[in-house]
Amino acid sequence: MKKIKIRDEQKGIIFIALIFVIIISLTIVFSFTLRSNVVEENLKTNDVVRTLFVVENENSGILFSSVLIYVPSSYKAAIVNLPGYTGAIYQSLGRVDRIDKVYEETGINAYKEEVEKMLGMKIPYYAVMSLNNFIKISDYIGGMRVFISEPIDYVSENGERWLLPSGAINLDGDKISTYLRYRLEDESEVDVQERYQNAMAAFLTGLHDQKFAIFDKKNFLKYEECIKTNLDEDEDETLFRLIADVDSESIIKQTITGSLRRVDGQQLLFPDNNGEFIKEAVKQTTNMLTSTDGSLTSRVYIIEIQNGTTTQGLARNTAVLFQNASYDVLSPVNADRNDYEETVIVNHIGNLEVAKMVGEFIHCTNIIDENELEEVGGSSSEASVDFTIILGKDFNGRYVIPRRTSK
């Protein structure tokens with residue numbers, strides 16, 4: 001046999017090729033070794049985890065969706081419900097329509113962008129589940145616990161019977177499906193949206209209660225298969241491990257409120273104050289969640305609103321604003337007189353930090369302690385409240401407008 005001789009120039013080419021192979025191999029190895037976990041990296045610069053959750057209906061449209069705002073350091077969280085019939089001019093559609101049409105026509109990424117604009121914040125992560133997969137997860141975690149005020153026994157137009165008991169009950173897959181899909185003749189859209197929000201809270205509670213079983217190496221894969229995210233497998237687990245630690249007993253619930261208008265034959269919900277209200281409400285809720293000593297989220301604060309002006313309905317409308325910002329508001333009343341020049345917040349509990357937070361929501365800095373109330377001519381409320389807001393002439397229905405002082 002003849003020996004194959006390799007020329008010097010060929011040896012050089014082979015040597016260079018080997019070097020390239022080694023470099024490429026090392027690059028691949030280092031890229032996997034040095035690859036960072038997006039969730040962990042984000043937590044280094046931002047202690048708030050925001051995730052958009054979408055549950056699809058049978059037609060791959062949106063059944064319901066919510067944004068979870070979660071602070072892992074305090075385990076506190078809020079969920080913002082996103083009614084599908086929320087109306088606006090959506091850039092991704094180029095027209096006025098329902099927000100759920102964005103999802104149907106342009107997909108999850110465009111939908112997330114529109115939600116970010118609406119709430120005034122960035123949402124790094126999304127998690128999408130079909131209704132069938134949401135039902136599967138309910139079965140996996142042993143059911144989702146919700147409260148039903150009255151028993152449901154109703155037959156739909158197509159003959160399907162909806163049957164649910166009353167009370168605080170655990171709903172397995174079939175029952176949670178009924179809970180999400182039933183519609184009563186006298187039921188408002190607000191009632192339906194409340195059920196959706198309760199289902200989302202029950203999902204988070206289920207994750208919390210069953211976290212030790214969920215994150216067992218043998219089990220997590222079947223959960224992960226039910227949820228589509230914009231993260232890889234390791235990042236999925238990191239995100240849901242964080243979320244599963246949520247203090248499920250103190251989740252703050254918010255939703256978008258506004259006025260109903262008929263546009264092109266459909267009823268749309270247009271957010272209050274051209275959308276600025278929900279942005280501020282979400283901002284204040286986030287500030288509450290991230291408060292350093294936890295006092296802002298230790299409980300729900302009770303507010304009384306008094307109308308100290310001659311403007312009819314001012315206290316009632318303001319009460320709605322505070323209710324939608326997660327405060328417990330008593331029935332609005334008239335103040336002892338109707339000629340208050342300035343809006344004042346009476347701090348009954350001596351917590352200045354929370355009082356300032358309440359005032360920030362309506363741009364009011366005029367805060368006094370309860371023992372100073374007589375100095376401004378007011379009368380103390382008989383109700384057990386944390387803060388009393390007496391609306392003055394400087395309140396325009398949304399904000400306190402500082403009066404100009406004459407030189």
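Check the entry above for the structure.
Attention here is on the structure that accompanies the text.

1. Thoughts on empty space enclosed by the protein
Tallied over the full model, the rule gives one cavity of 30 Å³ or more. Considering only enclosed or pocket space, the largest cavity measures out at about 70 Å³ in volume. Leu207, Ile214, Phe215, Phe220, Tyr223, Glu224, Ile227, Asp236 and Phe240 together form the lining of the largest cavity. Among the secondary structure elements, those contributing two or more residues to the lining of the largest cavity are helix 9 (220-224) and helix 10 (233-243). For the lining of the largest cavity, the class distribution of residues is seven nonpolar, no polar and two charged.

2. Considerations on the side chain of Asp100
Residue placement: Asp100 occurs in helix 3 (residues 99-106). When sequence neighbours within four positions are dropped, the list of residues in contact with Asp100 reads Ile62 and Gly84.

3. Considering a nonpolar patch on the surface
A cluster of nonpolar side chains, Ile16, Phe20 and Ile24, forms an exposed patch at the surface whose accessible area comes to about 310 Å². Considering the arrangement of structural elements, one finds Ile16 in helix 1 (residues 8-34). Looking at Ile16, the relative accessible area reads 46%, which means it is partly exposed.

4. A look at unusual backbone geometry
Phi is positive for Ser60, close to 65°, though the residue is something other than glycine. Here Ser60 shows up in the loop between strand 1 (49-56) and strand 2 (62-71). At Tyr75, a position not held by glycine, the phi torsion is positive, near 65°. Take Tyr75: it is sitting in the loop between strand 2 and strand 3 (76-81). The partly exposed category is assigned to Tyr75, whose relative accessible area is 42%.

5. Structural notes on a negative patch on the surface
On the surface, a cluster of negative charge is made up of Glu157, Glu185, Asp186, Asp191 and Glu194. Mapped onto the fold, Asp191 is located in helix 7 (residues 189-209). Relative accessible area serves as the criterion here: at 31%, Asp191 is assigned to the partly exposed category.

6. Overview of the pattern of salt bridges
Enumeration according to the criterion identifies 17 salt bridges in this entry. Note that Glu41 and Lys44 form a salt bridge whose closest N and O atoms lie 3.0 Å from each other. Taken together, the residues Glu41 and Lys44, both in helix 2 (residues 38-45) and three residues apart, mark about one turn of the helix. Residues Asp339 and Arg337 are paired through a salt bridge, measuring 2.6 Å at the closest nitrogen-oxygen approach.

7. Notes on the pairing of strand 15 (residues 302-307)
The buried fraction of strand 15 is high, at five of six residues. Note: strand 15 against strand 16 (residues 328-329), two bridges, orientation parallel. Following the sheet pairing, Ile302 is matched in strand 16 by Asp328. Of the pairings in the sheet, the one linking strand 15 to strand 20 (residues 387-391) comprises five bridges and is parallel in character. Paired with Gln306 across the bridge in strand 20 is Ile390. Sheet analysis places strand 15 next to strand 17 (residues 333-334), joined by two bridges and oriented parallel. If you follow Asn307 over to strand 17, its bridge partner there is Asn334.

8. Here we look at the sheet that holds strand 1
One open sheet holds the six strands; their spatial order is 11-6-1-2-3-12, and the pairing between them is mixed. Since the sheet does not close on itself, it has two edges, and those belong to strand 11 (228-229) and strand 12 (252-255), each with one partner. Both strand 1 and strand 6 (residues 125-130) contribute to a ladder of six bridges, which runs parallel. Looking across to strand 6, one finds that Val54 is bridged to Val128. Across the face of the sheet, helix 11 (residues 276-289) comes into contact with strand 1, strand 2, strand 3 and strand 12 while running at roughly 170° to strand 12.

9. Remarks on the nonpolar core
Within the largest apolar cluster, 53 residues are counted, with the highest numbers of intra-cluster contacts made by Phe53, Phe64, Phe134, Tyr179, Leu180, Phe203 and Leu204. The contact partners of Leu180, leaving out residues within four places of it in the chain, are Leu63, Phe64, Leu131, Phe134, Arg195, Tyr196 and Ala199. Val67, Ala78, Tyr85 and Met121 belong to the second largest nonpolar core, which has 32 residues in total.

Reading the values: rules and limits
- Residues numbered from 1 in each chain as written.
- Predicted model: local features only at pLDDT ≥ 70, side-chain atom pairs only at ≥ 80, totals over all residues.
- Heavy atoms only, no water.
- 1 Å grid on protein atoms, 1.4 Å probe; cavity = no way out; pocket = protein on both sides within 12 Å on 5 of 7 lines; lining within 4 Å.
- Points joined across faces, edges and corners; volume = space filled by probe spheres on them.
- Helix = DSSP H or I, 4+ residues; strand = E, 2+ residues; numbered from the N terminus.
- Nonpolar A, V, L, I, M, F, W, Y, C, P; charged D, E, K, R; others polar.
- Contact = heavy atoms within 4.5 Å.
- Patch = residues over 30% accessible without salt bridge, like charges linked within 9 Å, V, L, I, M, F, W, Y side chains within 5 Å.
- Areas by Shrake-Rupley, 256 points an atom, 1.4 Å probe, with all protein chains shown as cover.
- Salt bridge = Lys/Arg side-chain N within 4 Å of Asp/Glu carboxyl O.
- Buried < 20%, exposed > 50% of the residue type's maximum accessible area, 1.4 Å probe, protein only.
- Lys, Arg positive; Asp, Glu negative; His and termini not counted.
- Charge placed at Lys NZ, Arg CZ, Asp CG, Glu CD.
- Pairing = 2+ DSSP bridges.
- Axes fitted to C-alpha atoms, helices over the stretch in contact; angles between N-to-C directions.
- Core = buried A, V, L, I, M, F, W, Y, C linked by side-chain atoms within 4.5 Å.

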